[in-house]
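Structural overview
The residues making up each chain are set out below.
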Protein chains: 2
Amino acid sequence: MAYAEQFIDKLRKSGLRPTKQRIKICEVLFDTDKTFHFTIKELVKIIENQANIKVSLATVYNTIHAFIKKGYLKEIPLNASQSYYDTNVTHHHHFFDEEENRLIDIHQDDVDEVNIKKTIPGKKIKSVEVIAKIVSDNQSQK
Amino acid sequence: MAYAEQFIDKLRKSGLRPTKQRIKICEVLFDTDKTFHFTIKELVKIIENQANIKVSLATVYNTIHAFIKKGYLKEIPLNASQSYYDTNVTHHHHFFDEEENRLIDIHQDDVDEVNIKKTIPGKKIKSVEVIAKIVSDNQSQK
DNA sequence: TAATACATTATATTTATTCTAAACTGTTGA
DNA sequence: TCAACAGTTTAGAATAAATATAATGTATTA
Ligand SMILES: [Mn+2]
Ligand SMILES: [Mn+2]
Ligand SMILES: [Zn+2]
Ligand SMILES: [Zn+2]
């Protein structure tokens, strides 16, 4: 399936018609081998730089939300001021680089199954996520 | 050390004079056996209900931030719209009840050490946090 | 007391996010 | 062919958490 068709498919399955604004958003988000993490502000900037079309904020937010609802994107609230979004929707974990404000994926296979001994009556665990904050390793202490 | 003195001590160490507004905030946050999680909105409501004094939002935010900076509180951004704060500043993990929007502590001892195989060159891990989302366990499937 | 430093507050500002309403576009069926 | 309709885009307004401001109040010090 060609890229454009994949995007059209994703949009249709999210209940959205494939318009040129939405396909542009898909190109930025999904037309790459790598998954990645972004803020809305960053996404808008990428679109503006790449495209000859302009996409309004409302359309960006609406499309992102439709994709989240459908499971094509995940929201990651790391920060009080601004959400991060993740095109990797598999179950995985993250490093968060506090100096560069950057999220880095950790494959599920790279973390041993997290074993939680505590339980809450009447509740079951739906998902488990690990966030490891990282900083520069100045090995100055001999 | 009596409670009031503890609060005065915490405030002084945070670089704040012990005023009656700030001591009231301390009473709500620290005058209990249990640690707990709260939003600013919830905190303000508790103060209003308990106290005969009124504390402005600016004073609440300023005091909370001074405590975070000093390490007496932790901020937990779980939610894009509003931060949660935690009076438990030990290294620990959380359940997040998605139905009741409630954080529940998981003791560090209740989670086996999280072993991350991946490393990032030049970076070291500063902290590791686990968030397990929980939902009602409707054991309807026989 | 007078001078000074620090606090509190109401209010304004900022900014991410959501909402609104009007203009626009593509599709459908007579 | 084209009018009706459903859905889309957009600018701008509204919302709300968080932060900043600046005037007033209070405590400490000399
Ligand atoms: Mn935190
Ligand atoms: Mn906000
Ligand atoms: Zn990721
Ligand atoms: Zn906690």
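Below is a summary of the structure that appears in this document. The residue numbering used here restarts from 1 in each chain and proceeds along that chain's sequence as written. Each chain is given a letter, starting from A, and each ligand a number, starting from 1, according to the order in which they appear as written. Side-chain atom pairs in this predicted model are given and counted only at pLDDT of 80 or more, local residue features only at pLDDT of at least 70, and totals for whole chains, interfaces and linings cover all residues. To get the side-chain values, take all heavy atoms of the structure and skip hydrogens and water.

Once that is clear, we can look at the pattern of salt bridges. Throughout this description, the term salt bridge denotes a Lys or Arg side-chain nitrogen within 4 Å of a carboxyl oxygen of Asp or Glu. Following the criterion strictly, the structure yields 16 salt bridges over all chains and no others. Its salt-bridge partner being K126 of chain A, residue E98 of chain B comes within 2.7 Å of it at the nearest N-O pair. Highlighted residues: E98 of chain B in the loop between β4 (93–97) and β5 (102–106) and K126 of chain A in strand β6 (residues 123–136), drawn from two different chains. Only protein chains enter the accessibility calculation, which uses a 1.4 Å probe. A residue is then buried if its area is under 20% of the maximum for its type, exposed if over 50%, and partly exposed in between. On the basis of relative accessibility, which here comes to 30%, the residue E98 of chain B falls in the partly exposed class. Numbering of helices and strands runs from the N terminus, with a helix taken as a DSSP run of H or I at least four residues long and a strand as a DSSP run of E at least two residues long.

Turning our eyes to something else, we now look at the protein's contact with DNA strand C. Around DNA strand C, a shell composed of 19 residues is seen, among which Y61 and H65 of chain A together with R17, T19 and K54 of chain B lie nearest. Of all DNA strand C atoms lying within 4 Å of any protein atom, the proportion belonging to sugar or phosphate reaches 86%. Polar contacts, as used here, are pairs of N or O atoms within 3.5 Å; protein pairs need one atom able to donate a hydrogen and one able to accept it. Residues neighboring in sequence count only if both atoms are side-chain atoms. S83 of chain A is positioned with one of its backbone polar atoms (N or O) 3.2 Å from a phosphate oxygen of DNA strand C. Here a phosphate oxygen of DNA strand C and a backbone polar atom of R17 of chain B are 2.7 Å apart. Secondary structure elements with two or more residues in the surface near DNA strand C: α3 (40–50) and α4 (57–70) of chain A together with α2 (20–30) and α4 (57–70) of chain B. Residues were grouped as follows: Ala, Val, Leu, Ile, Met, Phe, Trp, Tyr, Cys and Pro as nonpolar; Asp, Glu, Lys and Arg as charged; and all remaining residues, including Gly, as polar. Classifying every residue of the surface near DNA strand C by side-chain character gives 7 nonpolar, 8 polar and 4 charged. Any residue with at least one heavy atom within 4 Å of a molecule or strand is counted as near it.

Before going further, it helps to examine the coordination of the zinc ion (ligand 4). Residues and elements named next belong to chain B. Protein coordination at the zinc ion (ligand 4) comes from H37 (NE2), D86 (OD), H92 (NE2), H94 (NE2) and D105 (OD), with a distance range of 2.0 to 2.2 Å. Water is not among the atoms examined, so metal sites may look incomplete; donors are the N, O and S atoms within 2.8 Å of the metal, or within 3.2 Å for Na, K and Ca. For the zinc ion (ligand 4), the single-chain donor residues occur in sequence as H-x48-D-x5-H-x1-H-x10-D. A relative accessible area of 0% means that D86 is categorised as buried.

Turning to the layout of surface pockets, a few remarks are in order. In this analysis, the protein atoms alone were mapped onto a 1 Å grid. Cavities are point sets where a 1.4 Å probe fits without being able to get out; pockets are open sets with protein on both sides within 12 Å along at least five of seven lines; lining residues have an atom within 4 Å of a point. Grid points are joined across faces, edges and corners, and a volume is the space filled by probe spheres set on the points. Each pocket or cavity is described by its volume, and for the largest pocket that value is around 1100 Å³. Looking at the largest pocket, it is lined by 36 residues, and the ones nearest its centre are P77 and I131 of chain A together with P77, L78 and I131 of chain B. Elements represented by at least two residues in the lining of the largest pocket include exactly β2 (74–76) and β6 of chain A together with β2 (74–76) and β6 (123–136) of chain B. Grouping the constituent residues of the lining of the largest pocket by class yields 16 nonpolar, 9 polar and 11 charged.

Let us now look at the sheet that holds β4 of chain B. One open sheet holds the 6 strands; their spatial order is β5(A)-β4(A)-β6(A)-β6(B)-β4(B)-β5(B), and the pairing between them is mixed. A strand with exactly one partner marks an edge of an open sheet, and here the two such strands are β5 (102–106) of chain A together with β5 of chain B. Across the sheet, the mean angle from the axis of one strand to that of its neighbour is 25°, orientation sign disregarded. Two strands are said to pair when DSSP picks up at least two bridges between them. In the sheet, β4 of chain B pairs with β5 of chain B via 5 bridges, with the strands oriented antiparallel. Pairing of F95 of chain B across the sheet is with I104 of chain B, part of β5 of chain B. Geometry is summarised by axes, namely lines fitted to C-alpha atoms with helices restricted to the contacting stretch, and by angles between N-to-C directions that run from 0 to 180 degrees.

It is worth spelling out the protein's contact with DNA strand D at this point. In the vicinity of DNA strand D lie 17 residues, with T19, R22 and K54 of chain A together with Y61 and H65 of chain B positioned nearest. Across the atoms of DNA strand D situated within 4 Å of the protein, the share located in sugar and phosphate is 86%. One of the side-chain nitrogen or oxygen atoms of Y61 of chain B is found 2.6 Å away from a phosphate oxygen of DNA strand D. The contact in question runs from a phosphate oxygen of DNA strand D to an N or O atom on the side chain of H65 of chain B, over 3.1 Å. Going through the elements one at a time, α2 (20–30) and α4 of chain A together with α4 of chain B are the ones with two or more residues in the surface near DNA strand D. Taken together, the residues of the surface near DNA strand D break down into 5 nonpolar, 8 polar and 4 charged.

A word on the pairing of β5 of chain A. With 4 of its 5 residues buried, β5 of chain A lies for the most part within the structure. Taking the residues that link successive antiparallel strands as the turn, the strand β4 (residues 93–97) of chain A-β5 of chain A hairpin has 4 residues, and the phi of N101 of chain A there is positive, at about 50°.

Facing the 40 residues of chain A at the interface are 40 residues of chain B. Where chain A abuts chain B, roughly 3600 Å² becomes buried across the two surfaces, and 54% of that area is made up of carbon and sulfur atoms. Linking chain A with chain B are 10 salt bridges. Remark: the boundary between chain A and chain B carries 26 residue pairs in polar contact (both at pLDDT 80 or more). When residues of the side of chain A that touches chain B are traced back to their parent elements, those giving at least two are β4, β5 and β6 of chain A. Tallying contributions element by element places β6 of chain A first for the side of chain A that touches chain B, with 14 residues. Each residue belonging to the side of chain A that touches chain B can be placed in one class, and the counts come to 17 nonpolar, 6 polar and 17 charged. We call two residues contacting when some pair of their heavy atoms lies within 4.5 Å. Accessible area that two parts lose when put together, evaluated with a 1.4 Å probe and summed over both, is termed the buried area.

By themselves, these observations are geometric and do not establish any function.
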